[in-house]
Amino acid sequence: MTAAIPVPPDLAGHPFFQYRNNVLYAEDVPLDHLAGQLGTPLYVYSRAALRAAWNTYHSAVGQRPVLVCYGMKANSNLAVLKEFARLGAGFDIVSGGELKRALAVGADPARIVFSGVGKQAWEMRAALDAGVMCFNVESEAELQRLSDVAQETGRRARVALRVNPDVDAQTHPYISTGLKENKFGIPIGAALDAYRSSRLLPGLEVTGLDCHIGSQLTDISPYFDALEKLLDLVADLEGIGIRLSHLDLGGGLGIRYSDETPPSPKALLDGVFQRLQARGQGHLRLVLEPGRSLVGNAGLLLTTVQYLKHGEARNFAIVDAAMNDLLRPALYDAWHGLRPLLPRAGDALDYDVVGPVCESADWLARQRALVIEQGDVLALESAGAYGMTMAGNYNTRPRAAEVMVDGDHYHVVRQRETLDDLLRGESTLP
Ligand code: LLP
């Protein structure tokens, strides 16, 4: 047993979530108040944190020709999308559903790129009708289908080919996408031929080149390795008379979950433009698709301790959030910071923080030194990205509510799901 330090001293990665007088706040709202009003599990976002993250990109861009398309799979709540639309973001979408969300907040279709390895015809049609800027196409078969669908609708689809540059992003294997073993993209060696074929397809207009090598990158060099390969391809394409207007480097910049020091948008952009200029490609417009780095540290997941179970091998804190609310620990062995809203003095015990779902994989944090009691509310940190968007209903658990804090105000931006919501659409046999 160790003597507890009531208030953890360093919340450096999370400046919008800080303790005041031993109470954890989101901006100017005390979180125990929110948990009391709205219940738990509860996702809490900070509007100021979203804006600050956007500003790191915006100021890094400066006057350079860059379109930042928010990768909305990280967090597609309409309030989050609207905030980024107001700030001038474009959007990276991967489904007809995400297109609907983007259009619902008034996003400019000319700033939407449509990614994804399995686009269906109806999704292509909807995106063509909307007039999206570009389809990021991942196979020859998809090129053919897109051309057919575009012709049916009497339009031409602007396309970039997503190539797989075969570089190691040095991240978790489940979120690494740029190796030749991954399902994503057209192998870079086959790209020239794919461009040749796309030129012959009447429904297409080739405008760009795309790649995305992985997520939660904490090292910048894989980006530049990929970029050099892409620039070789751009030169080869010019050799056969194909001149592109944009280059999309995808998303992937990491965030600080514990002690990572991920590269900044400025470091990335400076390095990219330096290489573009060196290779005589300064005319290319750059597209980025950041998701996690715009929202990850703008959100917390609040959860209440239901039971403490002290055992021989382990102590468990059984909480009301579970793997259906935050899947990242179960799926990727991911580490999320964990802090009590109202820290207690006392002797800390090591706890595994687990949910009520009937799976051993249902854990949220392991071996954390905590001073807690039944009924205490805990905050899981860095839960703004790939939290709610990956939530599900396993064990017939309603999904959490979401709330956006703005200064000393808050807005419920998604109601807690009800049990009736969960049964809707089902029926028994006559
Ligand atoms: N563009 C494409 C084509 C992508 O596939 C992704 C993410 C992004 C952009 C945004 O990447 P970001 O900037 O967020 O790294 N569920 C995992 C992450 C999966 C990422 C999938 N693709 C996690 O919770 O870590």
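Cut-offs used in this document
Residues numbered from 1 in each chain as written. Predicted model: local features only at pLDDT ≥ 70, side-chain atom pairs only at ≥ 80, totals over all residues. Heavy atoms only, no water. Helix = DSSP H or I, 4+ residues; strand = E, 2+ residues; numbered from the N terminus. Contact = heavy atoms within 4.5 Å. Lys, Arg positive; Asp, Glu negative; His and termini not counted. Charge placed at Lys NZ, Arg CZ, Asp CG, Glu CD. Core = buried A, V, L, I, M, F, W, Y, C linked by side-chain atoms within 4.5 Å. Buried < 20%, exposed > 50% of the residue type's maximum accessible area, 1.4 Å probe, protein only. Near = heavy atom within 4 Å. Polar contact = N/O pair within 3.5 Å; in protein donor to acceptor, adjacent residues only side chain to side chain. Areas by Shrake-Rupley, 256 points an atom, 1.4 Å probe, with all protein chains shown as cover. Nonpolar A, V, L, I, M, F, W, Y, C, P; charged D, E, K, R; others polar. Pairing = 2+ DSSP bridges. Salt bridge = Lys/Arg side-chain N within 4 Å of Asp/Glu carboxyl O. Arc of directions from axis to C-beta. Phe/Tyr/Trp six-rings, centres within 6.5 Å; stacked < 30°, edge-to-face > 60°. Lys NZ or Arg CZ within 6 Å of the ring centre and 35° of its normal.

Q: Lay out the overall build of the protein in plain terms, naming residues and giving numbers.
A: The secondary structure content of the protein amounts to 12 helices and 22 strands. Projected onto its principal axes, the C-alpha coordinates of the protein cover approximately 70 × 65 × 40 Å. The contacts in the protein between residues at least 6 apart in sequence include a share of 70% that link residues at least 24 apart. Each charge sign in the protein was given a centre, from 41 positive and 51 negative side chains, and these centres are 5 Å apart.

Q: Describe in detail the nonpolar core, supporting the description with residues and values.
A: In this structure, Tyr70, Phe84 and Phe135 are the most contacted members of the largest nonpolar core, which totals 99 residues. Here Tyr70 is in contact with Asn75, Val80, Leu81, Phe84, Gly90, Phe91, Asp92, Pro290, Gly291, Leu294 and Val295, once residues within four sequence places are set aside. Judged by nonpolar contacts, the second largest core, of 18 residues, contains Tyr19, Leu34, Leu42 and Leu341.

Q: Would you mind going over the site of the ligand in detail, with residue names and values included?
A: Taken together, 17 residues form the shell around the ligand, and within it Ser215, Glu289, Arg328, Tyr332 and Tyr386 come nearest. The separation between an oxygen atom of the ligand and a polar main-chain atom of Arg292 is 2.8 Å. Residue Tyr386 places a side-chain N or O atom 2.6 Å away from an oxygen atom belonging to the ligand. When isolated, the ligand has an accessible area of 580 Å², and the protein chains bury 92% of it. Per-class residue counts for the shell around the ligand are five nonpolar, six polar and six charged.

Q: Before we move on, can you summarise the sheet that holds strand E4 (residues 29–30) with the specific residues and values?
A: Sheet architecture is open: three strands sit in the order E2-E3-E4, paired in antiparallel fashion. Each having just a single partner strand, strand E2 (17–20) and E4 make up the two edges of the open sheet. For E2 and strand E3 (residues 23–26), the ladder comprises four bridges, and the chain directions are antiparallel. Bridge assignment links Gln18 to a residue of E3, and that residue is Tyr25.

Q: So what's going on with the pattern of salt bridges? Residues and values would help.
A: Under the definition given, this model contains 24 salt bridges. For Asp28, the salt bridge identified is with Arg20, shortest N-O distance 2.6 Å. A relative accessible area of 40% means that Asp28 is categorised as partly exposed. Arg162 is the salt-bridge partner of Glu138, the closest N and O atoms lying 2.9 Å from each other. Here the residue Glu138 occupies a position in the loop between strand E9 (134–137) and helix H6 (140–152), and Arg162 occupies one in strand E10 (residues 157–164), the gap between them amounting to 24 residues. Just as Glu138 is buried, Arg162 falls in that class too.

Q: Can you tell me about unusual backbone geometry, naming the residues and giving the values?
A: Most peptide bonds adopt trans geometry, and most residues besides glycine take a negative phi value. In this structure, Pro41 follows Thr40 across a cis peptide bond, with omega equal to -5°. By the secondary structure assignment, Pro41 is in the loop between helix H1 (31–38) and strand E5 (42–46). A positive phi angle, near 70°, is found at Asn22, a position not held by glycine. Relative to the helices and strands, Asn22 resides in the loop between E2 and E3. Looking at Asn22, the relative accessible area reads 31%, which means it is partly exposed. A positive phi angle, near 60°, is found at Asp333, a position not held by glycine.

Q: Describe the pairing of strand E16 (residues 315–319), with residues and values.
A: Across the five residues of E16, four count as buried, placing the element largely inside the fold. Where strand E15 (residues 299–310) folds back onto E16 in an antiparallel hairpin, the turn is made up of four residues. Sheet analysis places E16 next to strand E18 (residues 347–354), joined by three bridges and oriented parallel. Each bridged residue has a counterpart across the sheet, and for Ile318 the counterpart in E18 is Val354.

Q: Describe helix H7 (residues 191–200), and please don't skip the residues or the numbers.
A: Those residues of H7 lying buried are Ala191, Ala194, Tyr195 and Ser198. The buried residues of H7 occupy an angular sector of 100° when projected down its axis, which confines them to one face. Where H7 is buried, its residues contact H6, E10, strand E11 (186–187), strand E12 (204–210) and helix H8 (221–239).

Q: Provide a residue-level description of the packing of aromatic side chains, including the pertinent values.
A: Per the counting criterion, the structure on display carries five aromatic pairs. Here the aromatic rings of Tyr43 and Tyr45 are separated by 6.3 Å at their centres, their planes lie at 25°, and the arrangement is stacked. Among the residues examined, Tyr45 registers a relative accessible area of 2% and is labelled buried. Members of the aromatic cluster, connected to one another through ring pairs, are Trp54, Tyr70, Phe84 and Phe91. It is Arg20 that lies over the ring of Tyr25; its NZ or CZ is 4.5 Å from the centre. Cation over ring: Arg366 sits above Trp363, and NZ or CZ is 4.0 Å from the ring centre.

Everything listed here is a matter of geometry and, on its own, says nothing about what the molecule does.
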